Amino acid sequence: MIDLGYANGWIKEPALYKEAKEKGYKFEEKEVGNCIHEYVCKELDFKFRVDSSD
């Protein structure tokens, strides 16, 4: 599985993320810490996190 890191730090959206959005793939979401959510795209085998405290 490819780890795209924190979306809060992206300067531009990664190609895998763009592809998943264009194809309408769903992201599984789970809370992994206080204010941190992890999103997984099973179709393209990648994950990323969002820190909502920012």
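**Side note on the pattern of salt bridges**
Turning to step 1, where the next piece is worked out: One pass over the structure, following the stated rule, counts five salt bridges.
Turning to step 2, where the next piece is worked out: Linking Lys30 and Glu38 is a salt bridge whose minimum nitrogen-to-oxygen distance equals 4.0 Å.
Turning to step 3, where the next piece is worked out: Of the residues examined, Lys30 reaches a relative accessible area of 48% and is grouped as partly exposed.
Turning to step 4, where the next piece is worked out: The buried category is assigned to Glu38, whose relative accessible area is 11%.
Turning to step 5, where the next piece is worked out: A single salt-bridge network, built from bridges that share partners, covers Asp3, Lys30, Glu38 and Arg49.

**A word on the environment of Met1**
Turning to step 1, where the next piece is worked out: Along the chain, Met1 falls in the segment before β1 (2-6).
Turning to step 2, where the next piece is worked out: With a relative accessible area of 56%, Met1 lands in the exposed category.
Turning to step 3, where the next piece is worked out: Between the alpha carbons of Met1 and Gly33 there is a distance of 20 Å; along the sequence they are 32 residues apart.
Turning to step 4, where the next piece is worked out: If sequence neighbours within four positions are ignored, Met1 has contacts with Val40, Asp45, Phe46 and Lys47.

The rules we used
- Residues numbered from 1 in each chain as written.
- Predicted model: local features only at pLDDT ≥ 70, side-chain atom pairs only at ≥ 80, totals over all residues.
- Heavy atoms only, no water.
- Salt bridge = Lys/Arg side-chain N within 4 Å of Asp/Glu carboxyl O.
- Buried < 20%, exposed > 50% of the residue type's maximum accessible area, 1.4 Å probe, protein only.
- Helix = DSSP H or I, 4+ residues; strand = E, 2+ residues; numbered from the N terminus.
- Contact = heavy atoms within 4.5 Å.

On their own, these measurements won't tell you what the molecule is for.
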